[in-house]
Amino acid sequence: MTTAHGVDVGTVADALLAAYDDASLLPRPSSAAPGFASDDAYAVLRHIADVRVARGWNPAGRKIGFTNRTIWSAYGVDEPMWAHIWSNTVVAADDGTCSLALGELVQPRIEPEVVFKLRADVGPTERPEDLITAIEWLAPGFEIVHCHFADWGFTLAEATADFALHGRLIVGRPVHVDASNADAIAAALPT
């Protein structure tokens with residue numbers, strides 16, 4: 001499939017999958033397709049998801065990247081991005097410890113995260129309590145992000161296509177949200 005910007009989705013997806021499998025760097029997609037945009041990136045991610053599912057990978061949830069607006073200027077981005085995370089990339093640390101090899105990751109970095117599992121869909125809302133009632137559990141986490149482009153150089157679209165920079169997600173002990181703690185959790189959320 002070729003996008004409206006002339007991007008061969010399969011070629012970009014295959015190159016990213018090969019770089020992931022080989023833990024190697026590759027040229028940025030914009031070097032071959034200067035108009036590479038977010039809609040191209042999400043088409044690449046859909047192709048990658050299809051390939052991974054065919055390889056036996058199972059989606060385990062989604063990640064949202066670049067939610068911290070204070071870093072947008074450092075990376076030249078102007079909005080968040082999202083991608084799947086996979087059962088192959090999630091590591092449980094229920095007892096507060098885990099170990100994982102970083103050799104499969106390229107230029108890894110660590111980020112603290114709040115991980116949560118939804119029990120229900122959440123529609124558009126500005127009320128924190130609507131979000132809290134949809135959450136089954138919360139857990140501390142660390143995401144190991146990595147980048148297949150030299151020196152962490154990318155556009156938002158390229159970072160999105162590059163698995164939204166996701167390498168691994170370490171999930172700590174979940175805290176279930178129920179009537180006994182929902183008010184306290186909602187009160188702790190920024191408004």
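This structure is a prediction, so every number in the text was calculated from the model and none was measured. (Residues numbered from 1 in each chain as written. Predicted model: local features only at pLDDT ≥ 70, side-chain atom pairs only at ≥ 80, totals over all residues. Heavy atoms only, no water.)

**Q** Pulling in residues and values, what's your account of the overall build of the protein chain?
**A** Counting secondary structure elements, the protein chain contains six helices and seven strands. Beginning at the N terminus, the succession of helices and strands in the protein chain can be written as α-α-β-α-β-β-β-α-β-α-β-β-α. The C-alpha atoms of the protein chain give a radius of gyration of 18 Å, which matches the 16 Å a tight globule of 191 residues would have. Seen along its three principal axes, the alpha-carbon backbone of the protein chain occupies a region of about 55 × 35 × 35 Å. If you take every contact in the protein chain between residues at least 6 apart in sequence, the share linking residues at least 24 apart comes to 74%. When the accessible surface of the protein chain is totalled, it reaches about 10,500 Å², and 56% of it is carbon and sulfur. The average position of the 13 basic charges and that of the 25 acidic charges among the side chains of the protein chain differ by 2 Å. (Helix = DSSP H or I, 4+ residues; strand = E, 2+ residues; numbered from the N terminus. Rg over C-alpha atoms; globule rule 2.2 N^0.38 Å. Contact = heavy atoms within 4.5 Å. Areas by Shrake-Rupley, 256 points an atom, 1.4 Å probe, with all protein chains shown as cover. Lys, Arg positive; Asp, Glu negative; His and termini not counted. Charge placed at Lys NZ, Arg CZ, Asp CG, Glu CD.)

**Q** Run through the packing of aromatic side chains, naming residues and quoting values.
**A** Taken as a whole and assessed by the stated rule, the structure comprises eight aromatic pairs. For R62, the ring lying beneath its charged end belongs to W82, and the centroid distance is 4.4 Å. Sitting above the plane of the W152 ring, R109 keeps its charged end 4.2 Å from the centroid. (Phe/Tyr/Trp six-rings, centres within 6.5 Å; stacked < 30°, edge-to-face > 60°. Lys NZ or Arg CZ within 6 Å of the ring centre and 35° of its normal.)

**Q** Go over the environment of S30 with me, naming the residues and quoting the values.
**A** The residue S30 is located in the loop between α1 (9-22) and α2 (38-54) in this model. Classification of S30 as partly exposed rests on a relative accessible area of 22%. Remark: the alpha-carbon pair of S30 and T155, spanning 125 residues in sequence, is separated by 8.5 Å. Beyond its immediate sequence surroundings of up to four residues, S30 is in contact with F36 and E158. (Buried < 20%, exposed > 50% of the residue type's maximum accessible area, 1.4 Å probe, protein only.)

**Q** Before we move on, could you go through the pattern of salt bridges and cite the residues and values that matter?
**A** For the structure on display, the rule yields six salt bridges. As a salt-bridge pair, K63 and E143 come within 3.1 Å of each other at their nearest N and O atoms. Of this pair, K63 sits in strand β1 (residues 59-65) while E143 is found in strand β5 (residues 135-145), placing the two residues 80 residues apart along the sequence. Taking relative accessible area as the criterion, K63 reaches 9% and is therefore assigned buried. A salt bridge links K117 to E136, with the shortest nitrogen-to-oxygen separation between them at 3.7 Å. With K117 in strand β4 (residues 109-118) and E136 in strand β5, the pair connects residues that are 19 residues apart, well separated along the chain. (Salt bridge = Lys/Arg side-chain N within 4 Å of Asp/Glu carboxyl O.)

**Q** Kindly report on the nonpolar core, identifying the contributing residues and their values.
**A** Judged by nonpolar contacts, the single largest core of 37 residues is most densely connected at L16, F36, V44, F66, M81, F154 and L165. Residue assignment for this core shows that the elements contributing at least two residues are α1, α2, β2 (81-86) and α5 (156-161). (Core = buried A, V, L, I, M, F, W, Y, C linked by side-chain atoms within 4.5 Å.)

**Q** An account of α2 is needed here, citing residue identities and associated values.
**A** Here α2 spans 24 Å end to end across 17 residues, near enough to the 24 Å set by a 1.5 Å rise per residue. Of the positions making up α2, those classed as buried are D40, A41, Y42, A43, V44, L45, I48, A49 and R52. If you follow the buried residues of α2, they end up packed against α1, β2 and α5. A positive backbone phi angle near 95° is found at G56, which sits one or two residues after α2. (Expected span 1.5 Å × (residues − 1).)

**Q** Which residues make up the confidence of the model for the protein chain, and what are the values?
**A** A residue-level look at the protein chain finds 97% of positions with pLDDT of 70 or above and a mean pLDDT of 91. Summarising per-element confidence for the protein chain, the mean pLDDT is lowest in helix α6 (residues 182-188) (77) and highest in strand β6 (residues 166-171) (97). (pLDDT = per-residue confidence, 0-100.)

**Q** Can you lay out a nonpolar patch on the surface for me, pointing to particular residues and giving the numbers?
**A** Together, V114, F116, L118, V122 and L131 give the surface a local cluster of nonpolar side chains, amounting to about 410 Å² of exposed area. Residue contributions to the nonpolar patch peak at three residues, all from β4. Note that F116 resides in strand β4. Owing to a relative accessible area of 43%, F116 belongs among the partly exposed residues under this scheme. (Patch = residues over 30% accessible without salt bridge, like charges linked within 9 Å, V, L, I, M, F, W, Y side chains within 5 Å.)

**Q** Explain the environment of V177 residue by residue, including any values.
**A** Within the element layout of this structure, V177 appears in the loop between β7 (175-176) and α6. In this structure V177 comes out as buried when scored by relative accessible area, which is 5%. In this structure the C-alpha to C-alpha distance between V177 and C147, which are 30 residues apart in sequence, comes to 34 Å. Once residues within four sequence positions are removed from consideration, V177 is found in contact with R119, I132, I135, E136, W137, L138, A182 and I185.

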